[in-house]
Amino acid sequence: MPSPDPRTAATPPSAPPSRARRLLRSYRFPLAILTGVVIGAVVGLVLGERASVLKPFGTLFVNMMFTLVVPLVFFSIASAVAGMSSVKRLGKILGAMLAIFAVTGIIASLLMIAALGIFRPTDGVQVELTQPEKTEDVGSIGDQLVQTFVVDDFSKILSTEHMLALIVFAVIVGIATSSIGEKGAPFSRFLSSGSEVFLKFTSIIMYYAPIGLGAYFAALIGELGAQLVGDYLRAFLVYYPVAILYFLIAFTLYSFLAGGRRGMRRFWAHILEPTAVSLGTSSSVAAIPANLRAGERIGVPRDVRETIIPIGATIHMEGSSLSAILKIAFLFAVFQRDFFTPSNILIAVAVALLSGMVMAGIPSGGFIGELMIITLYGFPAAALPIIQIIGTVIDPPATTVNSVGDQASSMLVARVLDGKDWMDQPDVPDEPDPAEPVAADLAGARTE
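As the structure is a prediction and not an experimental result, all values here were calculated from the model. (Residues numbered from 1 in each chain as written. Predicted model: local features only at pLDDT ≥ 70, side-chain atom pairs only at ≥ 80, totals over all residues. Heavy atoms only, no water.)

Turning next to the environment of Thr275. Note that Thr275 resides in helix 11 (residues 272-281). Along the primary structure Thr275 and Thr399 are separated by 124 residues, whereas in three dimensions their C-alpha atoms are 9.2 Å apart. Apart from the residues lying within four places of it in its own chain, the contact partners of Thr275 are Phe247, Thr400 and Val404. (Helix = DSSP H or I, 4+ residues; strand = E, 2+ residues; numbered from the N terminus. Contact = heavy atoms within 4.5 Å.)

Structural data, given as structure tokens:
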């Protein structure tokens, strides 16, 4: 009988990794990003405006993300629509999406109104008014609405400035691909392959995220730190806690409604990466790649996440609804008018929804939303710099709420469309039936 190998006998069985080690392994990359952002914020506070020397390192990351996002959005949406079994599925996704976007926007607006009513941060506000030197000419609202959905040259589609036009274009490409059946199958596979390629491209770029976001955030904090003074500070001290509470409580509730305890755990397990990217870049569009990756890990069906997250990055702005209410209340305080009347509150909620769902998708939409607030309530042009300063300083948390809200909304849409077992469904969309392509659905819709 052979004797046992002493090296084997002396080696004890390896112990399973501890829970803390497993968590660290699972979250190491999001934690690295958050660590970079925190370090950047500290550096910005310490160095002040001198931290601007770090901005090019952050701009490098942001520019790469914005370069990536246009092809990623096109391929992800077009491939998702091309792979849908019928146009009815797309219609259900869009209908549920708009309803959920409206409801969450109203909830966010009412929460900010309640916080302003309880804490009254704008009471006694006095701000020195200066006439703006120059205002941007953005044309009529009709022209802006047209530019929201179409452009006058194909080259303009390839720009983050026309994201809604790109989304409309991608949806129509997907429908056209599916409608021609087998003839469109090679192009459908090309779209699906392109989506996978640019998702991998995203994962490569994200290795630089801790450095890039840290540098960008350091420059941002160093530049804006001096603005957090005086009467503005009280408004900001309300917005930031309200945004954080909404982030923690509302999104926990939405994810629980979407998937129960399991959905809630999955949501918080995978949302750190898009949170860090949106917080560091102040851009929902830049966070689309990270949000798509998180949606895949959570288990949101592909056609749902690849439709809602890119669209939500342009027209779903819960954080912008929060900020619109704050801007309106602040201007009422500056001009010594009573904000807390039923008519003013109703109008404010409507303006917040317009700012968060309609104006957000229009080129120069943020500026138009601010002009709408001023003209609707009859404030002078000198009020414009006031809300521009507010909007600039609260932009990082507002964008984070906007971006993470897209993920929570995609989960709710999945729950509405696919029932309580939506997380257990395969992540590959059903192939279209060649005998019943989307074109048949379109023809049926025309005859009804």
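Still more to cover.
Another point: the pattern of salt bridges. Throughout the structure, instances matching the rule amount to 7 salt bridges. Between Arg89 and Asp303 there is a salt bridge whose closest N-O contact spans 2.7 Å. In this pair, Arg89 is assigned in helix 4 (residues 87-119) and Asp303 in helix 13 (residues 302-315), connecting sequence segments 214 residues apart. When sorted by exposure, Arg89 lands in the same class as Asp303, which is buried. Salt-bridge contacts for Glu273 lead to Arg293; the nearest nitrogen and oxygen are separated by 3.0 Å. (Salt bridge = Lys/Arg side-chain N within 4 Å of Asp/Glu carboxyl O. Buried < 20%, exposed > 50% of the residue type's maximum accessible area, 1.4 Å probe, protein only.)

Among all residues except glycine, the phi angle is most often negative; among peptide bonds, the trans geometry is most common. Phi angles above zero are rare outside glycine, and Gln336 is one such case at about 55 degrees. As for its placement among the helices and strands, Gln336 is situated in the loop between helix 14 (318-334) and helix 15 (342-358).

Another point: the side chain of Asp406. Relative to the assigned elements, Asp406 resides in helix 18 (residues 395-418). In this structure, Asp406 is buried with no salt-bridge partner, the nearest side chain bearing the opposite charge being Arg305 at 14 Å. (Lys, Arg positive; Asp, Glu negative; His and termini not counted.)

Below, the discussion takes up the packing of helix 13 against helix 18. At their nearest, the axes of helix 13 and helix 18 sit 9 Å apart, and the two run at 140 degrees to each other. One way to sum up the angle between helix 13 and helix 18 is to call them oblique. The interaxial crossing formed by helix 13 with helix 18 has right-handed handedness. Side by side, helix 13 and helix 18 meet where Val304, Ile308, Ile309, Gly312 and Ala313 of the first sit next to Asp406, Gln407, Ser410, Val413 and Ala414 of the second. Split into classes, the residues belonging to the contact of helix 13 with helix 18 amount to 6 nonpolar, 3 polar and 1 charged. (Axes fitted to C-alpha atoms, helices over the stretch in contact; angles between N-to-C directions. Parallel < 35°, antiparallel > 145°, perpendicular 65-115°, else oblique. Left-handed = near helix turned anticlockwise from the far one by under 90°. Nonpolar A, V, L, I, M, F, W, Y, C, P; charged D, E, K, R; others polar.)

Scope: geometric values only; no functional claims are made or implied.
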